[in-house]
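Listed below, chain by chain, are the residues.
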Amino acid sequence: MTVTGRIGKAALLILVVWALAVPGTRLPSWAAAPGRPGRDYAPVVVPNGTTLPWHLVEGVKVFHLVAAEFEHEFAPGLIARVWGYNGQTPGPVIEAVAGDRVRIYVTNRLPEGTSVHWHGMIVPNGMDGVAGLTQREIRPGETFRYEFTLRTAGTFMYHPHRDEMIQMGMGLTGMFVVHPRLGKEERADRDFALMLHEWLIEPGTRRPHPGAMSGFNVLTINGKAFPATDALVASQGERVRIRLGNLSAMEHHPIHLHGYSFKITATDGGPIPAPAQWPETTVLVPVGTTRDIELVASHAGDWLMHCHMTHHVMNQMGHGPSLLGLDPAGLDQRVGDLVSGSMIIGQTGMAGMAEMGMPVPRNSIPMAGKEGPWGFIDMGGMVTVLKVRPGLASYEDPGWYRQPAGTTARPATAEELAADGIR
């Protein structure tokens, strides 16, 4: 008879609850059988990204992160040399279950030392990943081993704590999702993980400026700028959770979702009790935090989701000087001849500039844009779309939504204006 069999299921449950509640208590390996996707948790979905594979060694989940430089495409027309994990920025989402014992190997293929901090997680001090304070740096070419038991469920992150400004500014970030073991939370039908980030990449260059404190011109969700961001797809009536993390250098992001109010259900400090949750349509995700929001996808349609800082819904070429209201009479061409890569913003506003097909500097992306079902969508950067349809079984993009007849805004007729007293 096994140990589990002898003490019985109830006793095992009490032990697990106690061990998870007491910091510093180590669960015996037999009490915390490694969580399995589909059985113990519904895996997260990472638009434009992946989760990190693992394998079991004597009950311990073993992961491997490799920090290195590589070329990354932010959107068609913009490729830059960045730093990341396993060839991705952000790195792959690490996913496990509370009570799991994890062993994470970190190989450094960067030109300088690094470390990995498990942001928001309760770990032994020597595993906290602060170079110089809790460990020595991982030198180029070395592989370090981190190992700890996951005490708390929630949405967390990982990043270096060595030369933070450069390394995080170059893209070394990632999310770490720990599902609850005991089913304390209501499972989501669709569980999305989105990392927010900001970059300064001057048009024509091929490397981010990691020392920037302002002027960020490439705003990304999971490393992609709209229109390259993948949509979040849900079937009508499903419970949807969206996990948002922000490891931008300087700026918070107020993420607004059209068509829905949602509840903020958790931070990286833990779940928010149901009586303390309140409805919102915008959630502020400050630098260095995570926020979980949840909703029931009751309304079919294509619903925009974006940062509400207006400069964060533009791409690179939307940040030039503005001559709004002036008639420069060819000044744009003359300045362009003198200053390589310059583009003056339109004299009657910027809408429409993105769809004009204007030439842009080499290795840069226009200010915004994607052709939608009703014309050009003149947005870019930190933008995606929640697509809700009835009866969806997959995450495949269902295409553009067709509104039912009579439910779409349209030009007013002269008769309607007269009937309603509008002149």
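Residues numbered from 1 in each chain as written. Predicted model: local features only at pLDDT ≥ 70, side-chain atom pairs only at ≥ 80, totals over all residues. Heavy atoms only, no water.

### Some remarks on the pairing of strand S5 (residues 101-108)
Within S5, seven of the eight residues are buried, which leaves the element mostly enclosed by the surrounding structure. By the bridge criterion, seven bridges tie strand S2 (residues 60-75) to S5 in an arrangement that is parallel. Looking across to S5, one finds that lysine 61 is bridged to valine 102. As defined by bridge partners, S5 adjoins strand S7 (residues 143-149) across seven bridges and the pair is classed as antiparallel. (Buried < 20%, exposed > 50% of the residue type's maximum accessible area, 1.4 Å probe, protein only. Helix = DSSP H or I, 4+ residues; strand = E, 2+ residues; numbered from the N terminus. Pairing = 2+ DSSP bridges.)

### Details of the sheet that holds strand S20 (residues 301-307)
What the five strands build is an open sheet, ordered S12-S23-S20-S14-S18; its pairing is mixed. Each end of this open sheet is capped by a strand with a single partner; those strands are strand S12 (232-235) and strand S18 (282-285). When the angles between neighbouring strand axes are averaged without regard to direction, this sheet yields 20°. One ladder, built from four bridges, connects S12 with strand S23 (residues 383-389); its direction is parallel. Bridging from a neighbouring strand, alanine 234 pairs with valine 388 of S23. (Axes fitted to C-alpha atoms, helices over the stretch in contact; angles between N-to-C directions.)

### As for the sheet that holds strand S6 (residues 117-119)
The four strands lie next to each other as S4-S9-S8-S6, forming an open sheet whose pairing is mixed. In this open sheet, the two strands that pair with only one neighbour each are strand S4 (94-97) and S6. Strand-to-strand, the axes of this sheet are offset by a mean angle of 25°, without reference to chain direction.

### Quick word on the nonpolar core
Of all hydrophobic cores here, the largest spans 28 residues; its most connected members are Leu65, Ile94, Ile104, Trp118, Met121, Phe148 and Phe176. Those elements giving two or more residues to this core turn out to be S2, strand S3 (78-85), S4, S5, S7, strand S8 (154-159) and strand S9 (174-179). By size, the runner-up hydrophobic cluster in this structure holds 25 residues, among which are Val240, Tyr260, Ile293 and Leu386. (Core = buried A, V, L, I, M, F, W, Y, C linked by side-chain atoms within 4.5 Å.)

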